[in-house]
Amino acid sequence: MFLYIVFFIVIMGLLAYLSSPTFKGKMGESMVIDHAKRYLGEEYIMLNNCTIPDEQNGTTQIDHILISPYGIFIIETKNYTGWIFGSINQKQWTQKIYKKSYRFQNPIHQNFKHVKALEQILGDVVTPEYLHSVIVFTSRSEFKTAMPEHVCQGKDWITHVKKFNQDVIPAMKQKRIKYRIEKEILDPSWKTNRVHIENLHQKKQALID
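Residues numbered from 1 in each chain as written. Predicted model: local features only at pLDDT ≥ 70, side-chain atom pairs only at ≥ 80, totals over all residues. Heavy atoms only, no water.

Novice: Mind laying out the overall build of the protein, listing which residues take part and the relevant values?
Specialist: For the protein, the count of helices and strands is 6 helices and 9 strands. A total of 209 residues make up the protein; the buried ones form 39% of that total. Residue pairs in contact within the protein that sit at least 24 positions apart in sequence constitute 59% of those at least 6 positions apart. In the form shown here, the protein has an accessible surface area of approximately 13,000 Å², with 57% of it arising from carbon and sulfur atoms. (Helix = DSSP H or I, 4+ residues; strand = E, 2+ residues; numbered from the N terminus. Buried < 20%, exposed > 50% of the residue type's maximum accessible area, 1.4 Å probe, protein only. Contact = heavy atoms within 4.5 Å. Areas by Shrake-Rupley, 256 points an atom, 1.4 Å probe, with all protein chains shown as cover.)

Written out as structure tokens, the structure is:
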């Protein structure tokens, strides 16, 4: 009987994790990593799940940073299903699944803050014009409003990135950029995640107050 109870608890815990935002986010990030490996050449270097210091918010977490001769691409992944409604200027976008609607932060604004955090770190290495925001929704979602070119679905983000084909960052500078970012990345740990989550909660509370 005891073993059945333990088995039931383990199964329920596993199901809860599989349906959690954390797991869904990791699945979306894995999709982008797989696309990069399959469709991008060796001249592209990808850093994943980067938590870095941010002067305004304490820390910021960037899903992917793609370094290349053609620029640096800051990628925010959204593993959402259903219909997606949003525009550049809206503070919140809407996800609609059947008759239910859910609000979430405008990912363009969210990733803009990531880009600004990287600008602070790389200010003396590369000019801001070579930092590009890319938003990637999984193919399980469907856009119901017109989206900017840099808001992509599925592997369309690869096509968007490849439109940047002019050499603007020399190889030595790419290495310097990678080293500078890696130097700033906080070690992945439960403590780093906890600090980042606390910063998000404090920022959210400040907006409410």
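Novice: Lay out helix H3 (residues 107–122) with the relevant residues and their values.
Specialist: Helical periodicity: at 3.6 residues per turn, an α-helix aligns residues three or four positions apart in one direction. In this model H3 runs 22 Å from its N-terminal to its C-terminal C-alpha over 16 residues, within 8% of the 22 Å that 1.5 Å per residue would give. Taken as a whole, H3 has its buried residues at Pro-107, Ile-108, Gln-110, Asn-111, His-114, Val-115, Ala-117, Leu-118, Ile-121 and Leu-122. In this structure Asn-106 caps H3, since a side-chain oxygen of it lies 2.8 Å from the backbone nitrogen of Ile-108. (Expected span 1.5 Å × (residues − 1). Polar contact = N/O pair within 3.5 Å; in protein donor to acceptor, adjacent residues only side chain to side chain.)

Novice: An account of the pattern of salt bridges is requested, with residue identities and associated values reported.
Specialist: The final tally for this structure, using the stated rule, is 8 salt bridges. For Glu-76, the salt bridge is made with Lys-78, and the minimal N-O distance between the two is 3.2 Å. Given the relative accessible area of 4%, Glu-76 is considered buried. On the accessibility criterion, Lys-78 (10% relative accessible area) is buried. A salt bridge links Glu-119 to Lys-116; the nearest nitrogen and oxygen atoms lie 3.3 Å apart. Of this pair, Glu-119 and Lys-116 both sit in helix H3, 3 residues apart, roughly one helical turn. Overall, the relative accessible area of 36% leaves Lys-116 in the partly exposed class. Each member of the salt-bridge network shares a partner with another, and the members are Asp-124, Arg-176 and Arg-180. (Salt bridge = Lys/Arg side-chain N within 4 Å of Asp/Glu carboxyl O.)

Novice: With reference to specific residues and values, describe the sheet that holds strand E4 (residues 82–85).
Specialist: One open sheet holds the 4 strands; their spatial order is E6-E5-E4-E8, and the pairing between them is mixed. Every other strand in the sheet has two partners, leaving strand E6 (100–105) and strand E8 (141–143) as the edge strands with one partner each. Within the sheet, the average angular offset between the axes of one strand and its neighbour, ignoring direction, is 30 degrees. Relative to E6, strand E5 (residues 92–97) runs antiparallel, the two sharing 6 bridges. Within E6, the position partnered with Gln-95 by the bridge is Tyr-102. (Pairing = 2+ DSSP bridges. Axes fitted to C-alpha atoms, helices over the stretch in contact; angles between N-to-C directions.)

Novice: Tell me about unusual backbone geometry, residues and numbers included.
Specialist: Non-glycine residue Asn-49 carries a positive phi angle of around 50 degrees. Mapped onto the secondary structure, Asn-49 falls in strand E1 (residues 45–54). For Tyr-98, which is not a glycine, the phi torsion comes out positive at approximately 55 degrees. One can find Tyr-98 in the loop between E5 and E6.

Novice: Give a description of the environment of Arg-176 that names residues and reports values.
Specialist: One can find Arg-176 in helix H5 (residues 171–184). Arg-176 gets classed as partly exposed once you look at its relative accessible area, which sits at 41%. In this structure, the C-alpha to C-alpha distance between Arg-176 and Val-125, residues 51 residues apart in sequence, is 7.8 Å. Residues contacting Arg-176, with those up to four places away along its chain left out, are Asp-124 and Val-125.

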